[in-house]
Amino acid sequence: MKILISGKGGSGKSTLSALVAKALKDRGFKVLLVDADESNYGLHRLLDISFPVPLLENMGGKPGFKKMTSVTFPQSSAELPFKNGMGIDEFPEDCLAESDGIKLLVIGKIHDFGEGCACPMGALSKMFLPKLALAENEIIIIDAAAGVEHFGRRVDGDCDMIIGVVDPTFESFSLAKQMAGMAEKAGVEIFFVLNKIDDRVRDIMHKNVDRKNVVAEIPHMPSIFMDSLEGKKLKTSCREIEPICRTIEDFKKKSRPFKIPRAPWT
Ligand SMILES: Nc1ncnc2c1ncn2[C@@H]1O[C@H](COP(=O)(O)OP(=O)(O)OP(=O)(O)O)[C@@H](O)[C@H]1O
Ligand SMILES: [Mg+2]
C-alpha cells in the first residue's frame, strides 16, 4: 500500500510520516519511507537513519537522468531503470538506508544555485511508484514536498491513499479543501489529520475542516517541537497516532487485491 502525506509547509508532514512509520512498524508492517521533498533534509534525522545516496544522484544527477530519459521515444522497457512489478529491495543498495526496521529512500535534493528546477525529482517518483509491487505486509509512506505540486504531476494518482496534514492556520484550511477536490479527481481516498491542536484552536479547526474525513487529532506537543529544534531523533510517542494506523489497516483490508501494473508503454 502506498500512502502520500500531503499538506502546507510546516504543517507536520515529516513529523507525522516518522510517527506513522514507527507505529506501523510496531504493528508488524515492513515500512519504506520515501523522502520526496527536494528541499528539506530533516526526515532522516527524525528517525536517526543515515542519509542514503539520493536516487537521482545514483542515476548521475540531473544530467544523467536527462540522458537516460531522452534516449529514445517511446522507450523500451530495457532502457528504463525500473522494472514493472519491482520490489522495494530492487532499488540500488546505497539508496536504501535502514534503522530500527524502517527503510528510507530519498528521491533527490536541490544542492546548488542555478542547478535547475525539481521536475526530475517529480518525474522520477512517477517512474517507479506505479511499478512497485508490494507484498501484503509492506507499506510505503511518501513524505511529499509542501503544497500541491505532486497533485499537478499526478503522483497522487499512483498512490492508494493520501493523508492531508492540517495545522492551525487559515492557509491550511484552504489547502485542505483544495486537496480534497484534487484527490477526488485523482480517484484516491484522502483522510485528514488535524495537527498541533490545543484548546485555543480546536473549535476553529473543527469549524473549518470537514469532520467526516478527519481520522486523527494530534495535540501540540512541546516535546516534538523541542526535539526538532535541536535536530534530535523524535523520541516522543504519541497514542493519538493509533487511529491513523487503524484507518490504514481497515483500508488495506477492504482495498482490491494487488495486480501487477500494466506497463505504461503498452
Ligand atoms: N504535534 C506537534 N506538536 C508540536 N510541534 C509539532 C507537531 N507537529 C509538528 N511540529 C513541529 O512543527 C514544525 C514543522 O514540522 P515538520 O517539519 O514535520 O513539518 P513539514 O510539514 O514536514 O514541513 P516542511 O513543509 O518544511 O517539510 C517542526 O518544528 C515540528 O517539530
Ligand atoms: Mg517536511
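Residues numbered from 1 in each chain as written. Chains lettered and ligands numbered in written order. Predicted model: local features only at pLDDT ≥ 70, side-chain atom pairs only at ≥ 80, totals over all residues. Heavy atoms only, no water.

### Examining the environment of glutamate 38
Alright, step 1. Within the secondary structure, glutamate 38 is located in the loop between strand E2 (30-36) and helix H2 (43-46).
Alright, step 2. Note: C-alpha distance between glutamate 38 and alanine 144 (106 residues apart in sequence) is 8.9 Å.
Alright, step 3. Filtering out sequence-adjacent residues up to four positions away, glutamate 38 remains in contact with Gly108, Lys109, Ile110, Ala118, Met121 and Ala145. (Helix = DSSP H or I, 4+ residues; strand = E, 2+ residues; numbered from the N terminus. Contact = heavy atoms within 4.5 Å.)

### Here's the deal with the side chain of lysine 13
Alright, step 1. One can find lysine 13 in helix H1 (residues 13-26).
Alright, step 2. Nearest to the buried, unbridged lysine 13 among oppositely charged side chains is aspartate 143, at 5.8 Å.
Alright, step 3. Not counting residues up to four positions away in its chain, the partners in contact with lysine 13 are Ile5, Ser6, Gly7, Lys8, Asp143, Ala144, Ala145, Ala146 and Val165. (Buried < 20%, exposed > 50% of the residue type's maximum accessible area, 1.4 Å probe, protein only. Lys, Arg positive; Asp, Glu negative; His and termini not counted. Salt bridge = Lys/Arg side-chain N within 4 Å of Asp/Glu carboxyl O.)

### Re the layout of surface pockets
Alright, step 1. Taken as a whole, the second largest pocket holds about 700 Å³ of empty space.
Alright, step 2. Taken together, 35 residues make up the lining of the second largest pocket; nearest its centre are Gly10, Gly12, Ser14, Thr15 and Ser228.
Alright, step 3. Of all the elements in the fold, those that place two or more residues in the lining of the second largest pocket are H1, H2, strand E5 (138-144), strand E7 (189-197), strand E8 (214-219) and helix H9 (222-229).
Alright, step 4. Among the residues making up the lining of the second largest pocket, the classes are represented as 14 nonpolar, 12 polar and nine charged. (1 Å grid on protein atoms, 1.4 Å probe; cavity = no way out; pocket = protein on both sides within 12 Å on 5 of 7 lines; lining within 4 Å. Points joined across faces, edges and corners; volume = space filled by probe spheres on them. Nonpolar A, V, L, I, M, F, W, Y, C, P; charged D, E, K, R; others polar.)

### Focus: the site of ligand 1
Alright, step 1. Taken together, 20 residues lie around ligand 1, and Lys13, Ser14, Thr15, Asn195 and Met221 are the ones closest in.
Alright, step 2. Here an oxygen atom of ligand 1 sits 2.7 Å away from a polar atom, N or O, in the side chain of lysine 13.
Alright, step 3. One nitrogen or oxygen atom from the main chain of isoleucine 224 is found 3.5 Å from an oxygen atom belonging to ligand 1.
Alright, step 4. Surface burial for ligand 1 is 85%, taken as the share of its 630 Å² of free accessible area covered by protein chains. (Near = heavy atom within 4 Å. Polar contact = N/O pair within 3.5 Å; in protein donor to acceptor, adjacent residues only side chain to side chain. Areas by Shrake-Rupley, 256 points an atom, 1.4 Å probe, with all protein chains shown as cover.)

### Looking at the packing of aromatic side chains
Alright, step 1. This model, assessed by the stated rule, comprises six aromatic pairs.
Alright, step 2. Seen from their ring centres, phenylalanine 82 and phenylalanine 128 are 5.7 Å apart, and the 65° between their planes marks the pair as edge-to-face. In this pair, phenylalanine 82 is assigned in the loop between helix H4 (61-69) and strand E3 (96-99) and phenylalanine 128 in helix H5 (residues 119-128), connecting sequence segments 46 residues apart. Take phenylalanine 82 and phenylalanine 128: they sit in the same class, and that class is buried.
Alright, step 3. Ring geometry for phenylalanine 91 against phenylalanine 128: centres 5.1 Å apart, planes inclined by 85°, an arrangement best described as edge-to-face. (Phe/Tyr/Trp six-rings, centres within 6.5 Å; stacked < 30°, edge-to-face > 60°.)

### Some details on unusual backbone geometry
Alright, step 1. With a phi close to 50°, aspartate 100 is a non-glycine residue in the positive phi region.
Alright, step 2. Within the secondary structure layout, aspartate 100 lies in the loop between E3 and strand E4 (102-106).
Alright, step 3. For lysine 196, which is not glycine, the phi dihedral falls at a positive 60°.
Alright, step 4. Its location among the elements puts lysine 196 in strand E7.

### Re the nonpolar core
Alright, step 1. Formed by 47 residues in total, the largest nonpolar core has its most connected members in Leu55, Phe82, Phe91, Leu105, Leu124 and Phe128.
Alright, step 2. Among the elements of the structure, E2, helix H3 (55-58), H4, H5, E5, strand E6 (161-166), helix H7 (170-186) and E7 are those that each provide at least two residues to this core.
Alright, step 3. Among the elements that make up this core, the one with the highest residue count is H7 (five residues).
Alright, step 4. In this structure phenylalanine 82 touches Leu55, Met59, Phe91, Leu124, Met127, Phe128 and Lys131, once residues within four positions along its chain are discounted.
Alright, step 5. The next biggest cluster of nonpolar side chains, apart from the first, holds 40 residues, and it includes Ala18, Ala21, Ile139 and Ile248. (Core = buried A, V, L, I, M, F, W, Y, C linked by side-chain atoms within 4.5 Å.)

### Focus: H5
Alright, step 1. Burial within H5 is extensive, with seven of its 10 residues counted as buried.
Alright, step 2. For H5, the full list of buried residues reads Pro120, Met121, Gly122, Leu124, Ser125, Met127 and Phe128.
Alright, step 3. Structurally, H5 contributes buried residues whose contacts are with H3, H4 and E4.

### Re a nonpolar patch on the surface
Alright, step 1. A cluster of nonpolar residues, Phe225, Met226 and Leu229, forms a patch on the protein surface that exposes about 320 Å² of accessible area.
Alright, step 2. Mapped onto the elements, leucine 229 comes out in helix H9.
Alright, step 3. For leucine 229, a relative accessible area of 56% translates into the label exposed. (Patch = residues over 30% accessible without salt bridge, like charges linked within 9 Å, V, L, I, M, F, W, Y side chains within 5 Å.)

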